[in-house]
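As a plain string of letters, each chain reads:
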Amino acid sequence: MITLHSVKSVAVAQLAAAAFLIFPLASNAADIEAGRARAQTCIACHGPGGNSIDPVIPSLAGQPEQAITTALYQFREGNRKNPVMSPLAADLSNADMNDLAAYFESEKRTAPTHQTQAENLVLGPTLAKQYNCTQCHGPAFMGIQHIPRLAGQQHDYLLAQLRSFRAATRADMDGTMTSAVSRLTDPEIVVLVDYISGLGTK
Ligand code: HEC
Ligand code: HEC
């Protein structure tokens, strides 16, 4: 029999799980220098200082610490799956994740190499406003807390992520991204990504 008490416990447990996902590793103090040393294996793919030069691999430089720890945690726990990142994250302790995230957040993002098409400099901001993208990702798409920075992010990576949120093949910690993207058409995704990927690095 489902009592009111057990319903409440389930609700509390779900809340606790959600809080744990959003603030997964907050209890450990991060060490940037330890992160820098650990990051040597990461920069082979994510680029020097976490500035990727490969369009399918995301930059990590200047990404909010909490967005990085959350992604690593999701890969390690199997919520978010990727044949390359999942096994790499499996070897990381919570302390490693905190150190790596602190290090990559501290690195400066270099200027984007992507050139936005002229018409999308107008269409992009209009769509971003219409779909409230900047309400969550920050006015200049710089990210905030657990919400990732998108400005200047690699073009093909962004495109793949938006399409997989829409196809519900990418994990989404609280469902907000899946619902934000569900109303977009594919041509609108293409415009938004062309715009966001060319945004500056301040
Ligand atoms: C062999 C190449 C490779 C190596 C080495 C690698 N990564 Fe990745 N990483 C990727 C790819 C590819 C993705 C995109 C995965 C996807 O599409 O979901 C990714 C995604 C990520 C993301 C998600 C970024 C976001 O914006 O959501 C984080 C965080 C990350 N990697 C951290 C690390 C860390 C930390 C290390 C070192 C311990 C590392 N990676 C090593 C290839 C690599
Ligand atoms: C209600 C808040 C919210 C809105 C609105 C929103 N996002 Fe997000 N977005 C998030 C969160 C939270 C994540 C991280 C999801 C996760 O990893 O589980 C995210 C992740 C992303 C990612 C993946 C980034 C990466 O580094 O892997 C992209 C791309 C993205 N959002 C683009 C957009 C675009 C474009 C819009 C507007 C159409 C938008 N978002 C609107 C909250 C939001």
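Residues numbered from 1 in each chain as written. Chains lettered and ligands numbered in written order. Predicted model: local features only at pLDDT ≥ 70, side-chain atom pairs only at ≥ 80, totals over all residues. Heavy atoms only, no water.

### Quick word on the packing of aromatic side chains
Put simply, the rule is: Each pair of aromatic rings taken from Phe, Tyr and Trp, with Trp reduced to its six-membered ring, is defined by centres within 6.5 Å and is described as stacked if the planes are under 30 degrees apart, edge-to-face if over 60, and tilted in the remaining cases. The buried label applies to any residue whose accessible area, calculated with a 1.4 Å probe on protein chains only, is under 20% of its type's maximum; exposed applies above 50%, and partly exposed to all values in between.
In this structure the tally under the stated criterion is two aromatic pairs. A centroid spacing of 5.0 Å and a plane angle of 55° characterise the contact between tyrosine 103 and phenylalanine 104, whose relative ring orientation is tilted. On the accessibility criterion, tyrosine 103 (4% relative accessible area) is buried. Residue phenylalanine 104 is classed as buried on the basis of its relative accessible area of 2%. Here phenylalanine 141 and tyrosine 195 contribute two aromatic rings whose centre-to-centre distance is 6.4 Å and whose plane-to-plane angle is 80°, an arrangement assigned as edge-to-face.

### Concerning the nonpolar core
Formally: Definition of nonpolar core: a set of buried residues of the types Ala, Val, Leu, Ile, Met, Phe, Trp, Tyr and Cys, connected through side-chain atoms within 4.5 Å. Numbering of helices and strands runs from the N terminus, with a helix taken as a DSSP run of H or I at least four residues long and a strand as a DSSP run of E at least two residues long. A contact between two residues is defined here by any heavy atoms of the two lying within 4.5 Å.
Judged by nonpolar contacts, the single largest core of 21 residues is most densely connected at Phe141, Ile189 and Ile196. Secondary-structure elements contributing two or more residues to this core are helix H7 (120-130), helix H9 (155-166), helix H10 (176-182) and helix H11 (186-197). For this core, the element with the highest residue contribution is H11, accounting for six residues. Look past the residues within four positions of isoleucine 189 in its chain and what remains in contact with it is Leu159, Leu162, Arg166, Val181 and Leu184. In this structure, Leu60, Ala89, Leu100 and Tyr103 belong to the second largest nonpolar core, which totals 15 residues.

### Overview of the packing of helix H4 (residues 65-77) against helix H6 (residues 94-106)
Rule in force here: For helices, the fitted line uses only the C-alpha atoms of the stretch in contact; every axis is such a line through C-alpha atoms, and the angle between N-to-C directions lies from 0 to 180 degrees. We call two directions roughly parallel when the angle between them is under 35 degrees, roughly antiparallel when it is over 145, roughly perpendicular when it lies between 65 and 115, and oblique otherwise. Handedness of a crossing is defined here by the sense of rotation of the near helix relative to the far one, left-handed for an anticlockwise turn of less than a right angle and right-handed for a clockwise turn.
Taken N-terminus to C-terminus, the directions of H4 and H6 make an angle of 140°; their axes are 8 Å apart at the nearest point. Here H6 runs oblique to H4, going by the angle between their axes. When you trace H4 past H6, the crossing you get is right-handed. Each of Glu65, Ile68, Thr69, Leu72, Tyr73 and Arg76 in H4 lies in contact with H6, whose residues at this interface are Asn94, Met97, Asn98, Ala101, Ala102, Phe104 and Glu105.

### A look at the packing of H9 against H11
Our working rule: Three categories are distinguished: nonpolar for Ala, Val, Leu, Ile, Met, Phe, Trp, Tyr, Cys and Pro, charged for Asp, Glu, Lys and Arg, and polar for the others, with Gly belonging to the last.
Interaxial distance between H9 and H11 falls to 9 Å at its minimum, and their mutual angle equals 145°. Crossing handedness for the pair H9 and H11: right-handed. Contact residues: H9 offers His155, Leu158, Leu159, Leu162, Arg163 and Arg166, while H11 offers Asp186, Ile189, Val190, Val193, Asp194, Ile196 and Ser197. Partitioning the contact of H9 with H11 into residue classes produces seven nonpolar, two polar and four charged.

### Digging into the confidence of the model for the chain
Inclusion rule: pLDDT runs from 0 to 100 and stands for how confident the predictor is about each residue.
Across the chain, the average pLDDT comes to 88, with 85% of residues at or above 70. When the elements of the chain are averaged for pLDDT, helix H1 (residues 4-22) gives the smallest value, 42, and H11 the largest, 98.

### Notes on the site of ligand 2
Convention followed: Proximity criterion: a residue is near a molecule or strand once any of its heavy atoms comes within 4 Å of it. Nitrogen and oxygen atoms within 3.5 Å of one another constitute a polar contact, given that in protein one can donate a hydrogen and the other can accept it, and given that sequence-neighbouring residues count only through two side-chain atoms.
In the vicinity of ligand 2 lie 22 residues, with Cys133, Cys136, His137, Arg170 and Met177 positioned nearest. Side-chain polar atom of histidine 137 to a nitrogen atom of ligand 2: 2.8 Å apart, as the coordinates give it. Take methionine 173: an N or O atom from its main chain is 2.7 Å from an oxygen atom of ligand 2. Secondary-structure elements contributing two or more residues to the shell around ligand 2 are helix H8 (133-137), H9 and H10. When residues in the shell around ligand 2 are grouped by element, the largest group, five residues, is from H9. Of the residues contributing to the shell around ligand 2, the split by class is 15 nonpolar, five polar and two charged.

### Quick word on the layout of surface pockets
Rule in force here: For each structure, a 1 Å grid was placed over the protein atoms alone; sets of points admitting a 1.4 Å probe that cannot get out are labelled cavities, open sets with protein on both sides within 12 Å along at least five of seven lines are labelled pockets, and lining residues have an atom within 4 Å of a point. Grid points are joined across faces, edges and corners, and a volume is the space filled by probe spheres set on the points. The split of the chain into domains comes from an automatic or database domain assignment.
A volume near 250 Å³ is recorded for the second largest pocket. Along the walls of the second largest pocket sit 17 residues, with Ser52, Ala111, Pro112, Thr113 and Gln154 positioned nearest its centre. Taken together, the residues that form the lining of the second largest pocket break down as five nonpolar, eleven polar and one charged. Split by domain, the residues of the lining of the second largest pocket number at least three in each of domain 1 (25-106) and domain 2 (120-197).

### Things to note about the coordination of the iron atom of ligand 2
Stated formally: Here the term donor refers to an N, O or S atom within 2.8 Å of the metal (or 3.2 Å for Na, K and Ca), and because water is left out of the atoms, sites may appear incomplete. Note on geometry labels: four donors, all angles 85 to 135 degrees, give tetrahedral; four donors become square planar and six octahedral when opposite donors are over 155 degrees apart and every other angle is between 65 and 115; remaining cases are irregular.
At the metal site, the iron atom of ligand 2 is ligated by His137 (NE2) and Met177 (SD), and these contacts range over 2.0 Å. In this structure, the iron atom of ligand 2 is coordinated by six donor atoms arranged in octahedral fashion, with angles at the metal of 86 to 180°. In this pair, histidine 137 is assigned in helix H8 and methionine 177 in helix H10, connecting sequence segments 40 residues apart.

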